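# Observations on the three-dimensional arrangement
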Amino acid sequence: MRVLKFGGTSVGSPDNIQKVIAVVDQCAKEEQVAVVVSAIGGITNQLILVGNLAAQKDSSYITVFQRIKDVHLSFTKELTENNPETLQKVTRHMNDLEALLQGIFLIHELSPKTIDKLTAFGELTSSIIITAAFNHQKVEAHLKDTRELILTDSTHTKAMVQYEQTNDAITTHFKQSDAKITVLPGFIARSGTGETSTLGRGGSDFTAAIIAAALDADVLEIWTDVSGMYSANPKIVKQAQPIAHISYHEAMELSHFGAKVLYPPTIAPVMQKDIPLYIKNTLDPEALGTCISKDGNGKNTPIKGISHIGDIALLTLEGTGMIGISGISKRFFETLSSLDISVIMITQASSEHSICIGITQEDAQKAKKAIDTTFAYEIALHKIDPVYIEKELAIIALVGEKMKSHQGISGKMFSTLGKNNVNIRAIAQGASEKNISAVIASKDVKKALNSLHERFFEDQRKQLNLFVMGVGNVGGKLLAQIQQQQEYLSENLNLHLRVIGLSNSRTMCFKEDGIDLTQWQSTLADGKKADVVRFRESVINLNIRNSVFVDVTANENVAMSYAEYLRNSIAVVACNKIASASAMQNYSLLKRLSRKYNAPYLFETNVGAGLPIIDTLQNLIASGDRITKIQAVLSGSLNFVFNNFTSGSSFHDVVQQAKEEGYTEPDPRIDLSGVDVARKILILARESGLTLELEDIINTPFLTEKNLNSTDVPHFFDTLKEDAPHFETLVSTASAKGERLKYVAQLENNKASVGLQSVGSESPFYQLEGKDNIVLFYTQRYPDQPLIVKGAGAGADVTASGLFSDIIRLRQY
């Protein structure tokens, strides 16, 4: 004997019902089959809606009823080609439904008993239509009303099964029946008084399990619209994987914690009889599906799935009057039981100072009122506080029978959530260690599930979600490099990069599933008006795991927003050096926030573009070395200018060329005034452990007062022409001595300076060509021969490469 159950989506269209017939027909060729069917997809919800409308004396219930009737008649006509006998049966059921609704409308009441009568019409009618469809296809099937087989108590809407009488009725019927295919309506049963009862929403699964257990079936198959149970909800976690094998206990835990593919009570009857349960896909019957059995773990995997329940409220009862007093918990839970409130999660401090429970949000106020009444005396004496409610919460759970034999699962779970700024409100873990549950804010569910799934199921593959502000020359190069290296990063570093948000000075755009980098320009062009604040708010509100804000601007407002990103555990990668060279108080704040919220703040490109200058310095400090002196040429822009400026040439033209080729900022005054280099040596000083402000850097300008006081960029270039003799004097004087002009930064004896110097051939700076940078680190370990870092220090490609390197480095955090 094989028992098959088909859910609402499996019978949700005439085409799907034809697929059901094909599956059952194939099975029936080998053995006797019991087929349990749900109501047509969506009909149960429509029945509850129409009942509520009628009870509220809302005459629009008639329209909803007509829609229900039309669906059933349409299915009947298409599947049986207008078979008059079936049409008559369905019409009779619809007439009975209409009469029941008229009664509800007249008496203005919808009791649990009436709800059961009302919702039963879904399964009763679908089973008639589906049986007729079988027989119309020449696949002989017999219809049996489940109310004649399953007996329950009188707890309407979620009745308790009377197993002894039920099992006798089921075994007797099937012994006497020689039907190869028996169709049974799921969900419904009969109380001891003969009234229609139901087994709870999702109860058709339970019906099938009861029948399978009573008949000692070889197998129970639950047919739905997905190919088995998944490691997480695939609608929330795109990388969710199908589970081939899982144990009864694991499946029960996952279904309890929100895995909707299976109704939780379904497991118990088949588990007692050790009957394997398969979850299969009606739309893809050849798919493997999930096998649920006694020994479900096909491989040594500690975690089998991650699930969640939404719309949870936490209720906390606490007070000093609870400590050492017996009976508090008894009174607490008896109160909840009297109201038929199901407790989903319990946690209690060992001090007995508090009891915390998780229940559905809709029960929260009712529970609080009842518990406060129960403990009114203690509350009045201030021995116990009134119940405190927290709403907008969810429970997430890691499930796996083999967790107990693996160390560190809890630590990995909580550290993963912590790194992604997911605050845990309560924790529960049983001694059996089949699940670890945590209560979090509802808004964090998607991020939490994806983070945990990445940690436990994706072979240590890490996904970084990038939000890039500033996609001009450098930003465009960065996106091109990311696109080019996607495959390499995935195959060699287990790293997946997605660009979720982009912004330039005009527009911004977001795409939660990732922006196609082959057409990012058109996507951005169609975006909304750019706004620094709204961009930040969007990044925070999207609340995606492993979020990274990449600043490729030179904008002060953007730089001053880093703190908010870090407070929300969003990593910051910046080539904008304004923040790190801002007031020491702000620099220290960013460092502190980075540590506190596990959000890296990386700014390697602040000094030397793609050169590993800051990384080298940090490694020296971390290894216990101490910096004694730094000498450096830190401006690729100025090095380019002075390498190309020779006696007799035009300083104006060389600066213009540097600007056009992207070696300077759009406003070259930033470079030529020495402010940019001063910021860089300030950053190196701070990373060396010094407390300095930008004003502490001695900046000896080589520009004239007229240059420095220019009103805008065009005016600046005009002054360069006017002051050409000044610049000619600088270069000719150096040339006469056989020296070259270099803009040098120096840090020594806790003091820093920047300025133009004329250096001879013995200087390591003399041969520095083009746009190259060079840094000489003198330390306690390198007192005479400095540690030297040298290479291209300007240009869009190398700057983008430096940003890219910082982004890749985040995989280690």
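Procedures and definitions
Residues numbered from 1 in each chain as written. Predicted model: local features only at pLDDT ≥ 70, side-chain atom pairs only at ≥ 80, totals over all residues. Heavy atoms only, no water. Helix = DSSP H or I, 4+ residues; strand = E, 2+ residues; numbered from the N terminus. Rg over C-alpha atoms; globule rule 2.2 N^0.38 Å. Buried < 20%, exposed > 50% of the residue type's maximum accessible area, 1.4 Å probe, protein only. Contact = heavy atoms within 4.5 Å. Areas by Shrake-Rupley, 256 points an atom, 1.4 Å probe, with all protein chains shown as cover. Lys, Arg positive; Asp, Glu negative; His and termini not counted. Charge placed at Lys NZ, Arg CZ, Asp CG, Glu CD. Pairing = 2+ DSSP bridges. Right-handed = clockwise from strand over helix to strand, strands pointing away. Salt bridge = Lys/Arg side-chain N within 4 Å of Asp/Glu carboxyl O. Disulfide = S-S within 2.5 Å.

### Considerations on the overall build of the protein
On a plain count of helices and strands, the protein comes out with 29 helices and 30 strands. In summary, the protein has a C-alpha radius of gyration of 36 Å against a globular reference of 28 Å for 813 residues, an excess of more than 25%. Each principal axis of the C-alpha distribution contributes one length, and for the protein these read about 115 × 70 × 55 Å. The 813 residues of the protein split such that 55% are buried. Sequence-distant contacts, at least 24 apart, represent 72% of the contacts inside the protein between residues at least 6 apart. Total accessible area on the protein stands at roughly 35,100 Å², and carbon and sulfur atoms take up 48% of it. Of the charged side chains in the protein, 80 are positive and 90 negative; the average position of the first set lies 2 Å away from that of the second.

### Things to note about the pairing of strand 23 (residues 571–574)
Side-chain alternation along strand 23 places Ala571 and Val573 on one buried face and Val572 and Ala574 on a second face that is also buried. Relative to strand 23, strand 22 (residues 547–551) runs parallel, the two being bridged by four bridges. The residue of strand 23 that forms the bridge with valine 550 is valine 573. Sheet topology note: the strand 23/strand 24 (residues 601–602) ladder contains two bridges and is parallel. Bridging from a neighbouring strand, valine 572 pairs with tyrosine 601 of strand 24. Handedness of the β-α-β unit built from strand 23, helix 20 (residues 584–596) and strand 24 comes out right-handed.

### Topic: the pattern of salt bridges
In total, this model carries 27 salt bridges according to the counting rule given. As a salt-bridge pair, arginine 545 and glutamate 454 come within 3.6 Å of each other at their nearest N and O atoms. Here arginine 545 is found in the loop between helix 17 (532–542) and strand 22, whereas its partner glutamate 454 is found in helix 14 (residues 445–457), with 91 residues between them in sequence. Among the ionic contacts, a cluster of salt bridges with common partners joins Arg2, Glu31 and Glu221.

### What about the state of the cysteines?
One pass over the full model with this rule turns up zero disulfides. Free cysteine: cysteine 27, not disulfide-bonded; nearest cysteine sulfur from cysteine 291 at 15 Å. Considering cysteine sulfurs only, cysteine 509 is the nearest to cysteine 575, which forms no disulfide, with 19 Å between them.

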